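One-letter residues, chain by chain:
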Amino acid sequence: MAGRITICDVGPRDGLQNEETVLEPSVRAELVNRLAATGLPRIESVSFVHPDRVPQMAGAEEVVTAIERREGVAYAGLVLNEKGYERFTASGLDRLHFTLGATESFNERNAGMSVSQSVSTLERIETDKPVSVSISVSFGCPFEGAVDPAQVLDLGERCVQAGAGEVVFADTIGVGVPRQVSTLFERAALQVPLGGHFHNTRNTGFANAYAAVEAGAVVLDASVGGLGGCPFAPRATGNIATEDLVYLLHGEGVETGVDLDALIAVSEWLEDVLDR
């Protein structure tokens, strides 16, 4: 088990994309800045998706412009297609996060293309920035049900061959349990760092995250305040809360470099912003 875990806060993207309240780019940039000040090493700051599909993510370039860059923090942008890649390239962000689904049904709804087309898109991306690929619905799909781990691992191999320098297995709808997580991570032999992305739909998210760490994960996604969900995944609820994940890891002797009190203060600020 790793003695230190990289936490990527996906609140500014995954956390806000399912909220009814649409925040202005300046407010979303302030959220990124506040998160960076807590010591988080990586923040998924924006999604380069068409605003007609996800209005909450409109104005990504404005968000990036308003971010006050901190040394030691990697700012990432989410990409699903070549247009998103072009926007990412122009943005000057530090890391490219590419996402695709483990099933045809989910990928068609989320990215508007087949899984093979998404892999081909990944192959055509040429960048000197680190590329992390997240495989959605790795533990279960809202349209196709159970997902064969062999199918997920095969897709992971294809992604690595296409240029992924990191692979994140995502439980998009929160149906996984620790046994599934341990099995998938232990069977993965992708020769790149592995990460986990867990939603807490059935209150198994934190147990799954810890199972991933025990099985070799070195990166975990989480969302400040436990916000999140996917507009293309019915009944998907929030991500595991970053502050609770940090509490768990610190209690187990795993370092994160994050100031827990400062992170809780960001969550309280965001609660006021969203009028919760």
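What comes next concerns the included structure. A quick note: this is a predicted structure, and the numbers were derived from the prediction, not measured.

Another point: the overall build of the protein. Each helix and strand in the protein was counted, giving 11 helices and eight strands. Its C-alpha atoms give the protein a radius of gyration of 17 Å, near enough to 19 Å, the size a compact globule of 276 residues would have. Its C-alpha atoms put the protein at 40 × 40 × 35 Å along the principal axes. For the protein, the proportion of its 276 residues judged to be buried stands at 57%. Summarising the internal contacts of the protein: among those between residues at least 6 apart in sequence, 74% fall at separations of at least 24. Surface summary for the protein: the accessible area is close to 11000 Å², and the carbon and sulfur share equals 45%.

Let's shift gears to the environment of Ser 132. You can see Ser 132 is positioned in strand E5 (residues 131-136). A residue is classified by how much of its surface remains accessible, and Ser 132, at 4% relative accessible area, is buried. Separated by 62 residues in sequence, Ser 132 and Leu 194 have C-alpha atoms that sit 9.4 Å apart. In this structure, Ser 132 is in contact with Arg 42, Arg 95, Leu 96, His 97, Phe 98, Glu 166 and Val 168, ignoring residues within four places of it in sequence.

Right, let's get into the state of the cysteines. Here the structure, examined in full by the defined rule, presents zero disulfides. Cys 159 takes part in no disulfide bond, and the closest cysteine sulfur, belonging to Cys 141, lies 16 Å away.

Now for empty space enclosed by the protein. According to the stated counting rule, one finds one cavity of 30 Å³ or more in the structure shown. In this structure, the largest cavity encloses a volume near 330 Å³. Residue lining of the largest cavity: 28 residues in total, with Arg 13, Gln 17, Leu 78, Thr 99 and Ser 136 positioned closest to the centre. At the level of secondary structure, the elements contributing two or more residues to the lining of the largest cavity comprise helix H1 (11-15), strand E2 (42-47), strand E4 (95-101), helix H5 (104-111), E5 and strand E6 (166-171). Sorting elements by how many residues they give to the lining of the largest cavity places E5 first, with four residues. Grouping the constituent residues of the lining of the largest cavity by class yields 12 nonpolar, 12 polar and four charged.

This next bit is on the layout of surface pockets. The calculated volume of the largest pocket comes to roughly 180 Å³. Taken together, Phe 48, Val 49, His 50, Arg 53, Leu 80, Asn 81, Lys 83, Gly 84, Arg 87, Asn 110 and Ala 111 make up the lining of the largest pocket. Of all the secondary-structure elements, those providing two or more residues to the lining of the largest pocket are helix H4 (82-91) and H5. Per-element accounting of the lining of the largest pocket gives the leading share, three residues, to H4. Looking at the lining of the largest pocket residue by residue, the class counts come to four nonpolar, four polar and three charged.

Summed over the entire model, instances satisfying the criterion amount to nine salt bridges. In this structure, the salt-bridge partner of Asp 14 is Arg 13, at a minimum N-O distance of 3.8 Å. When the shortest N-O distance is used, the salt bridge between Arg 34 and Glu 30 registers 2.9 Å. Here the residue Arg 34 and the residue Glu 30 both occupy positions in helix H2 (residues 25-36), the gap between them amounting to four residues, near one helical turn.

When a strand is regular, its side chains alternate between the sheet's two faces. With four bridges joining them, strand E1 (residues 6-9) and strand E8 (residues 219-222) adopt parallel strand pairing. Paired with Thr 6 across the strands is Val 219, a residue of E8. Bridge count between E1 and E2: two bridges; the pairing is parallel. When the bridges of E2 are listed, Asp 9 appears paired with Ile 43.

Here we take up the environment of Ala 37. As for its position among the elements, Ala 37 is in the loop between H2 and E2. A sequence separation of 11 residues divides Ala 37 from Phe 48, and the C-alpha atoms of the two residues are 24 Å apart.

Quick look at the packing of helix H10 (residues 242-251) against helix H11 (residues 260-273) now. Between two packed helices, the angle of one axis relative to the other and the distance separating the axes together describe the packing. For the pair H10 and H11, the least separation of the axes is 9 Å and the interaxial angle reads 165°. Here H10 is positioned roughly antiparallel relative to H11, judged by the angle of their axes. Remark: the crossing between H10 and H11 carries left-handed chirality. Counting all contacts with H10, which are made through Thr 242, Glu 243, Val 246 and Tyr 247, the residues of H11 involved are Leu 260, Leu 263, Ile 264 and Ser 267. Looking at the contact of H10 with H11, its residues break down into five nonpolar, two polar and one charged.

This next bit is on the packing of aromatic side chains. According to the stated counting rule, one finds three aromatic pairs in the structure shown. Ring geometry for Phe 48 versus Phe 88: centroids 6.4 Å apart, planes at 80°, classification edge-to-face. Of the two residues, Phe 48 is situated in the loop between E2 and helix H3 (60-66) and Phe 88 in helix H4; the sequence distance between them amounts to 40 residues. This pair shows no difference in class: Phe 48 is buried, exactly as Phe 88 is. Above the face of the Phe 143 ring, Arg 109 is positioned so that its terminal group lies 3.9 Å from the ring centre.

Criteria and cut-off values
- Residues numbered from 1 in each chain as written.
- Predicted model: local features only at pLDDT ≥ 70, side-chain atom pairs only at ≥ 80, totals over all residues.
- Heavy atoms only, no water.
- Helix = DSSP H or I, 4+ residues; strand = E, 2+ residues; numbered from the N terminus.
- Rg over C-alpha atoms; globule rule 2.2 N^0.38 Å.
- Buried < 20%, exposed > 50% of the residue type's maximum accessible area, 1.4 Å probe, protein only.
- Contact = heavy atoms within 4.5 Å.
- Areas by Shrake-Rupley, 256 points an atom, 1.4 Å probe, with all protein chains shown as cover.
- Disulfide = S-S within 2.5 Å.
- 1 Å grid on protein atoms, 1.4 Å probe; cavity = no way out; pocket = protein on both sides within 12 Å on 5 of 7 lines; lining within 4 Å.
- Points joined across faces, edges and corners; volume = space filled by probe spheres on them.
- Nonpolar A, V, L, I, M, F, W, Y, C, P; charged D, E, K, R; others polar.
- Salt bridge = Lys/Arg side-chain N within 4 Å of Asp/Glu carboxyl O.
- Pairing = 2+ DSSP bridges.
- Axes fitted to C-alpha atoms, helices over the stretch in contact; angles between N-to-C directions.
- Parallel < 35°, antiparallel > 145°, perpendicular 65-115°, else oblique.
- Left-handed = near helix turned anticlockwise from the far one by under 90°.
- Phe/Tyr/Trp six-rings, centres within 6.5 Å; stacked < 30°, edge-to-face > 60°.
- Lys NZ or Arg CZ within 6 Å of the ring centre and 35° of its normal.

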